[in-house]
Each structure stands twice: as C-alpha cells, then as structure tokens.
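Working through the structure, step by step
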Amino acid sequence: MILALPGFLYYLLTVKGKNRYTPLPFYGSKTVAKTSHRVHGKDIPDTIYHKLDEFKLTDQNGKPVSFKNFDKKVFVAAFFYTRCPEVCNTVNSFVDSLDINYRKNKMVHFVSITVDPEHDTQPVLKQYAAKFKPSDKWLFLTGDTSTIYNLAHNGLLVNASKAGEGSFILDDKLILVDSEKRIRGYYSGTSRPDVMKLKDEIKVLIAEELRKVDKALY
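Sequence order sets the numbering: in each chain, residues are counted from 1 along the sequence as written. Only residues with pLDDT of 70 or above have their local features reported here, since the model is predicted, and side-chain atom pairs are shown and tallied only from 80 upward, although totals for entire chains, interfaces and linings are computed over all residues. As a rule here, side-chain values come from all non-hydrogen atoms in the structure, and water together with hydrogens is ignored.

Right, let's get into the overall build of the protein chain. Counting secondary structure elements, the protein chain contains five helices and 11 strands. When a residue's accessible area, from a 1.4 Å probe over protein chains only, is under 20% of the maximum for its type it is buried; when over 50% it is exposed; and in between it is partly exposed. Buried positions account for 41% of the 218 residues belonging to the protein chain. Here, two residues are considered to be in contact whenever any of their heavy atoms come within 4.5 Å of each other. Here the contacts in the protein chain between residues at least 6 apart in sequence split such that 67% fall between residues at least 24 apart. For the accessible areas, the method is Shrake-Rupley and the probe is 1.4 Å, while residue cover comes only from the protein chains on display. When the accessible area of the protein chain is evaluated, it comes to approximately 12700 Å², of which 56% is carbon and sulfur surface. Strands here are runs of E lasting at least two residues and helices are runs of H or I lasting at least four, both read from the DSSP assignment and numbered beginning at the N terminus.

Below, the discussion takes up helix H3 (residues 122–130). All buried positions along H3 are accounted for by Leu125, Tyr128 and Ala129. Axial view of H3: buried residues confined to an arc of 95°, hence all on one face. Within H3, the exposed residues directed more than 90 degrees away from the buried face are Pro123 and Gln127. Residues of H3 that are buried in the fold lie against strand S5 (74–80), helix H2 (86–101), strand S6 (108–114) and strand S7 (138–142). By construction, the arc corresponds to the directions joining the helix axis to the C-beta atoms.

Criterion for a disulfide: a pair of cysteine sulfur atoms at a distance within 2.5 Å. Applying the stated criterion to the full structure yields one disulfide. Shown here is the disulfide that connects Cys84 with Cys88, its sulfur atoms set 2.3 Å apart. The S-S bond linking Cys84 to Cys88 shows a torsion near 85°; that makes this disulfide right-handed. When its relative accessible area of 3% is taken as the criterion, Cys88 is described as buried.

Attention now goes to the nonpolar core. Generally speaking, nonpolar side chains in soluble globular proteins are found buried as a group. By size, the foremost hydrophobic cluster in this structure holds 56 residues, and its most contacted members are Phe79, Leu156 and Leu174. Per-element accounting of this core gives the leading share, seven residues, to S5. Dropping the residues within four chain positions of it, Leu174 is found in contact with Val76, Ala77, Ala78, Val91, Val95, Leu98, Gly185, Tyr186, Tyr187, Gly189, Val195 and Leu198. Nonpolar cores were defined as sets of buried Ala, Val, Leu, Ile, Met, Phe, Trp, Tyr and Cys residues, with membership established by side-chain atoms within 4.5 Å.

Moving on, we come to the pairing of strand S8 (residues 160–164). A pair of strands is treated as paired once DSSP finds two or more bridges between them. Where S8 meets strand S9 (residues 167–170), four bridges bridge the pair, whose relative direction is antiparallel. Counted as the bridge partner of Gly164 is Ser167 from S9. The turn joining S8 and S9, which pair antiparallel and follow one another in sequence, is formed by two residues; a positive phi near 75° is taken by Gly166.

Pairing of aromatic rings covers Phe, Tyr and the six-membered ring of Trp, with a centre-to-centre limit of 6.5 Å; geometry is then stacked below 30 degrees between planes, edge-to-face above 60, and tilted otherwise. Using the criterion set out here, one finds 12 aromatic pairs in the structure. Look at Phe80 and Phe140: their rings are 6.0 Å apart centre to centre, the planes differ by 80°, and that puts the pair in the edge-to-face class. On the criterion of sequence distance, the pair formed by Phe80 in strand S5 and Phe140 in strand S7 is long-range, its members being 60 residues apart. Assigned by exposure class, Phe80 and Phe140 land together as buried. Through successive ring pairs, a cluster of aromatic residues spans Phe80, Tyr128, Phe132, Trp138 and Phe140. The criterion is that NZ of a Lys, or CZ of an Arg, lies within 6 Å of the ring centre and within 35 degrees of the ring normal, and then a charge sits over that ring. Taking NZ or CZ as reference, Lys181 lies 5.3 Å from the ring centre of Phe67, over its face. The ring of Phe26 has Arg184 sitting right over it, with the charged end atom 3.8 Å from the ring centre.

This is the structure we're talking about:
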C-alpha cells in the first residue's frame, strides 16, 4: 500500500482533479478556424470565440482603465448608474460580497460600469463607491457614452440604453470574463442563488487559467 499511495495520489491530481468541474461555456459568436490541435492523436479544429474589443474608460479615482489592467486576469462586469433605484444597489451589494470573498486573490477583479456618464462623473463615482469600501481590484468606471454602450451591446452582449432623462434600461447581469476577454457566464445580479453559482464558477475559471501555465503536478 505504501508503494501504491504515490501513484494513487498522482491519479487523483492529474485525472480526477482536472475533471471535478464541468468546463464553463463560451458565449457569443463562434467561428471554426482553419487551424487545429491534436487530442489523443486526433486533429481537432480550433474554434475562435467572441472576444471583447479594447476599451478605454476612467475609474473612480480618475485613472485610465483598459485591457492592460486585466492582463492575465479574470473579471466580473456589471452595469449600473448612481441614480438607479434599488436594483443597482442590490447588484453592487452582491459584487461587494464577491469582492470581499476574493480580496486576497490577485487574479480576480470586478468592474461596475455606469450607463449614465453625463451625471456619473469621476467625483460622483468616487462618492458612490465609498459606501462599499471596495478593494483596489473593484473599479467603478465611467467614460463617453459611445464607448460604454458599444462595450455593453457588442462586447458584453447585454442591454444598456437611455430611456429618458435620468432613466435607463439595462440588464441586471453579472458577466464573467476570462483572461482572453471571452465571456464565460451570465448571472442575475439580483438573485442570491445565481451569485452563489458565480462565486463557485469563478473558482472553476481560476483552475482553468492556472492549467494554462502550470507544469505537471507530479
């Protein structure tokens, strides 16, 4: 048994460990590439998944934010506006709980993006963010409307539009994005069960990201 134990542990780590969770899906358009990769001696066509385009916004401290801030990171995105009724506060309260839970994990970041940049300037966002006491990994972002709405509609594939003075239509979704800027999950930001699912699936995505760079464990 002593001789067999190392082999059994290796089996658990390299086989069972890698298959404990169902891989997260990819959202958005998919294209079959002309290239391929080999799996168990077979050529498998590569798939090109929908990715976010580069964006340039400003955080609550007046600092520029782009993809460089999330290099080799995963992040959760949400849309809101400071004059929003209870829904936005509920969504950001759940983001706050996730921020606290993953505060020590340098790989996981969060962004709350205003859909009302004309009102939600940098000082307004700073005041709004202060009530949550966010970590430095949770950014509240503003910018020009064309960038924000393009990021919502064509990048993160959610609704965000102005309905009238001080009124907006937006999804309550929390969107999970991997290090290659591909969408890996949508979750209702007003549903505790959905947020608990997101909390677990962040761990699945972290494990996937680490497998990209880690060497064999044994």
